[in-house]
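# Chains, contacts and geometry: an overview
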Amino acid sequence: VNMDGQGVTADPQLQQFIEVESQKQRFQQLVHQMTEVCWEKCMDKPGPKLDSRTETCFVNCVERFIDTSQFILNRLEQTQRGRGSFSETMSE
């Protein structure tokens, strides 16, 4: 922001870079959160290798986490689309 309070028009390449980096950061946060949740849920006693029950638990946990995240993202997109069309009809 300039001293006079006007927004600076950013370089499109810079905007693209920032968007990509923030997507990477969101993805890393998601993976970290998923790892934490599934580790707490599935890992009774850490050992040299996973037994089949623990492995199945991890697979199911990760799949449910991904399904849930995808559902939430889709729901948010639908909500935003709904709002967009509502504001467009209001201005006509």
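Refer to the preceding data block for the structure.
I will try to describe carefully the structure that is included in this document. Chains are numbered independently. Their residues run from 1 in the order of the written sequence. Only residues with pLDDT of 70 or above have their local features reported here, since the model is predicted, and side-chain atom pairs are shown and tallied only from 80 upward, although totals for entire chains, interfaces and linings are computed over all residues. Side-chain descriptors were evaluated using all non-hydrogen atoms of the structure, hydrogens and water having been removed beforehand.

### Observations concerning the packing of aromatic side chains
Here is the rule: We call Phe, Tyr and Trp rings a pair once their centres come within 6.5 Å, taking the six-membered ring for Trp, and we label the pair stacked below 30 degrees between planes, edge-to-face above 60, and tilted otherwise. A run of DSSP states H or I qualifies as a helix once it reaches four residues; a run of E qualifies as a strand once it reaches two. Both are numbered from the N-terminal end. Note on classification: 1.4 Å probe, protein chains only; a residue is buried when its accessible area is under 20% of the maximum for its type, exposed when over 50%, partly exposed between these limits.
Taken as a whole and assessed by the stated rule, the structure comprises one aromatic pair. Ring centres of Trp-39 and Phe-58 lie 6.2 Å apart, and the angle between their planes is 45°; on these two criteria the pair is classed as tilted. Residue Trp-39 is found in helix H1 (residues 12-42), and its partner Phe-58 is found in helix H2 (residues 52-91); the two are separated by 19 residues along the sequence. Since its relative accessible area comes to 41%, Trp-39 is described here as partly exposed. Exposure remark for Phe-58: the relative accessible area of 17% places this residue in the buried category.

### Focus: a nonpolar patch on the surface
We apply this condition: For patch building, the residue pool is restricted to those with more than 30% relative accessible area and no salt bridge; the joining distance is 9 Å between like charges and 5 Å between nonpolar side chains (Val, Leu, Ile, Met, Phe, Trp, Tyr). In this description, accessible areas are obtained by the Shrake-Rupley approach with a 1.4 Å probe, and a residue is regarded as covered only by the protein chains that are shown. Definition used for salt bridges: Asp or Glu carboxyl oxygen within 4 Å of a side-chain nitrogen of Lys or Arg.
A surface patch of nonpolar side chains, amounting to about 420 Å² of accessible area, comprises Phe-71, Ile-72, Leu-73 and Leu-76. Within the fold, Leu-73 resides in helix H2.

### What to know about the side chain of Thr-54
Test applied: Think of a polar contact as two N or O atoms within 3.5 Å of one another; within protein, one of them needs to be a possible hydrogen donor and the other a possible acceptor, and neighboring residues in sequence only count if both atoms come from side chains. By definition in these notes, contact holds between two residues if any of their heavy atoms fall within 4.5 Å.
Along the chain, Thr-54 turns up in helix H2. A distance of 2.5 Å separates the side chain of Thr-54 from the side chain of Asp-51, its partner in a polar contact. Thr-54 has contacts with Cys-42 and Met-43, leaving out every residue within four places of it along the chain.

### Let's talk about the state of the cysteines
What makes a disulfide is a covalent bond joining the sulfur atoms belonging to two cysteines. Heads up, the condition is: In this description, the term disulfide denotes a pair of cysteine sulfurs within 2.5 Å.
Going through the model one piece at a time under the given rule, you end up with two disulfides. Note on cysteine connectivity: Cys-38 is disulfide-linked to Cys-61, with sulfurs 2.0 Å apart. Judged by the sign of its S-S torsion, about -90°, the bond between Cys-38 and Cys-61 is left-handed. Note that Cys-38 is positioned in helix H1 and Cys-61 in helix H2, a separation of 23 residues in sequence. Taken individually, Cys-38 and Cys-61 each receive the classification buried, so the pair is uniform in this respect. Disulfide pairing is shown between Cys-42 and Cys-57; the S-S distance is 2.0 Å.

### Digging into the nonpolar core
Which entries qualify depends on this criterion: Note on terminology: a nonpolar core comprises buried Ala, Val, Leu, Ile, Met, Phe, Trp, Tyr and Cys residues joined through side-chain atoms within 4.5 Å.
By size, the foremost hydrophobic cluster in this structure holds eight residues: Met-34, Cys-38, Cys-42, Met-43, Cys-57, Phe-58, Cys-61 and Phe-65. Counting residues per element, the ones that place at least two in this core are H1 and H2. Ranked by residues supplied to this core, first place goes to H2 with four residues. Other than its neighbours up to four places away in sequence, Cys-61 contacts Val-37, Cys-38, Lys-41 and Cys-42.

### Quick notes on H1
For clarity, the threshold we go by: A helix is expected to span 1.5 Å for every residue after the first.
Between its first and last C-alpha atoms H1 spans 44 Å; for 31 residues at 1.5 Å apiece the expected length is 45 Å, and the two agree. Along H1, the positions that sit buried rather than exposed are Met-34, Cys-38 and Cys-42. In this structure Asp-11 caps H1, since a side-chain oxygen of it lies 2.9 Å from the backbone nitrogen of Gln-13.

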